[in-house]
Every structure is written in structure tokens, then in C-alpha cells.
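Understanding the architecture of this molecule
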Amino acid sequence: MRRTWHKAKPKIEKRFRVNDQIRVPEVFLIGENGEQIGATSTFKALAMAREAELDLVEVNPKENMPVVKIMDYGQFKYEREKKAHKQKVAQKKVDTKGIRLSVRISEHDFNFRLEQAAKFLERGDKLKIELFLKGRERQHPEKAFETIKDFVGRLEAKEGLKIVREQDLTRQGGGFIMILANKKD
């Protein structure tokens, strides 16, 4: 079977019409200091912008009379990009970390995974607990259920963690999956 790959579509950014790109006969003009001048012909607004050695930028094209402002377009564009970059940096990405258990897990491995899970949750990541059943283990899903229940119970008993179940224990294929998160106040 042949696969077709599609390029990711670039994110469409808001474009502003500037100076001669504004084609409507009449606009609502805002001056360079933010004062509202009111309804003006586009030609007159362009002349005022050129006289101030600035650009005429269409701020809101959706109104019945588009809103334009006299400003330095280069500076405006720079400030928008800077603001978008700050928002992107401030955004916290939440990862989903996985812990894989088994029905026949030793006590030491169980405790080690418990510590790892607590560390992930304290850091602010989500936790995906997986337990896959192999061979004859599939005849006893209640053992898997007990193992996960014990794991979650010990996690909830740890201090400093407020565990929220984002996805309750569900059976998927040959095993069980549960997703937990640490609720911060």
C-alpha cells in the first residue's frame, strides 16, 4: 500500500494592509498619538501619514468602515513578533511520561518505578501507567488490576502530591492503561 505524505501547512499570520494597499474610498482614521480623527477619505488619510513620515496601517478591516491608524509599520511589526515570541517562551509544555509495570514485578522494581512516577508528577508532567499481560497472565486480569490499584494507592499516599485521574483504568488490547496528573493549587 502506497503512503502519501503531505507537507505541514504553514501557520497563517494576520496580514495588515499598508499605505497604497488600502483600496476602500473612506476609512475611520486614528492619529499617531491614538486620538480618533473620524471618517476620512483614504486619499486624505494617506496624505496625513506621508506628511508625518509614517505609514497608514489598516488595523480592523472587518468593520463597515475599515479602521486605519497612522504609525511606524516596521516598529509595529517588530513589537508584534516580540510579543508572540514572549508568549511562546512562557508557554509550558506538559509531557506525558510512561511507567510500565508487570504482574510479576519485584518489590524493588515496584518501589523504583514508584519513585520515578513521583518525580515525574512533581515536575508537572502527566503519568501514563501501562501494564501489558503476556501469555497465561491474560487469564487473570484481576491481578493486573490489583497491581495498578496498589501502585496508584501508594502514589496517592505520598506527601506533596494531589493526584487526579485524567483517564481511569481502561483495558486496551492485551493490557491496562491509566493516565494521572498532579493537581497544583
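Everything below is about the structure printed above this text.
Below or above, wherever it landed, is the structure these notes cover. (Residues numbered from 1 in each chain as written. Predicted model: local features only at pLDDT ≥ 70, side-chain atom pairs only at ≥ 80, totals over all residues. Heavy atoms only, no water.)

1. What to know about the pattern of salt bridges
As enumerated under the stated definition, the model contains 10 salt bridges in all. Between E156 and R165 there is a salt bridge; the shortest N-O distance is 3.8 Å. One salt-bridge network, in which partners are shared between bridges, spans R100, K128 and E130. (Salt bridge = Lys/Arg side-chain N within 4 Å of Asp/Glu carboxyl O.)

2. Notes on unusual backbone geometry
The backbone of E53 sits at a positive phi, close to 55°, despite the residue not being glycine. On the secondary structure map, E53 appears in the loop between α1 (42–51) and β3 (55–60). You can call E53 exposed: its relative accessible area is 71%. (Helix = DSSP H or I, 4+ residues; strand = E, 2+ residues; numbered from the N terminus. Buried < 20%, exposed > 50% of the residue type's maximum accessible area, 1.4 Å probe, protein only.)

3. Section: the environment of Q91
Along the polypeptide, Q91 turns up in the loop between α2 (73–90) and β5 (96–101). Q91 sits in the exposed class, given a relative accessible area of 61%. C-alpha of Q91 to C-alpha of D109: the two residues are 18 residues apart in sequence and 35 Å apart in space.

4. Some remarks on the packing of helix α3 (residues 107–123) against helix α4 (residues 141–157)
How two helices sit against one another is set out by the angle between their axes and by the gap between those axes. Across the interface, α3 lies against α4 with an axial gap of 10 Å and an inter-helix angle of 50°. Overall, the two elements α3 and α4 adopt an arrangement that is oblique. Considering the relative orientation of α3 and α4, their crossing is right-handed. When α3 is examined against α4, the residues E107, F110, N111, R113, L114, A117, A118 and L121 are found in contact with a partner set consisting of T147, D150, F151, R154 and L155. Among the residues making up the contact of α3 with α4, the classes are represented as seven nonpolar, two polar and four charged. (Axes fitted to C-alpha atoms, helices over the stretch in contact; angles between N-to-C directions. Parallel < 35°, antiparallel > 145°, perpendicular 65-115°, else oblique. Left-handed = near helix turned anticlockwise from the far one by under 90°. Contact = heavy atoms within 4.5 Å. Nonpolar A, V, L, I, M, F, W, Y, C, P; charged D, E, K, R; others polar.)

5. Thoughts on the packing of aromatic side chains
Scanning all chains against the criterion turns up two aromatic pairs. Pairing Y73 with F76 gives two aromatic rings, centres 6.4 Å apart and planes at 40°, and the pair type is tilted. Remark: F76 and Y73 occur in helix α2; sequence separation between them is three residues, near one turn of the helix. Considering the side-chain rings of F110 and F151, the 5.5 Å spacing of their centres and the 90° angle between planes classify their relative orientation as edge-to-face. Remark: F151 occurs in helix α4 and F110 occurs in helix α3; sequence separation between them is 41 residues. On the basis of relative accessibility, which here comes to 0%, the residue F151 falls in the buried class. (Phe/Tyr/Trp six-rings, centres within 6.5 Å; stacked < 30°, edge-to-face > 60°.)

6. Comments concerning the sheet that holds β5
Read from one edge of the open sheet, four strands run β5-β6-β8-β7, paired in mixed fashion. Of all strands in the sheet, those with a lone pairing partner are β5 and β7 (163–172), marking the two edges. Neighbour to neighbour, the strand axes of the sheet diverge by 15° on average, direction disregarded. One ladder, built from six bridges, connects β5 with strand β6 (residues 126–132); its direction is parallel. Residue pairing in the sheet places T96 in a bridge with K126 of β6. Packed on one face of the sheet, α3 meets β5, β6, β7 and β8 (175–182) and runs near 165° to β5. (Pairing = 2+ DSSP bridges.)

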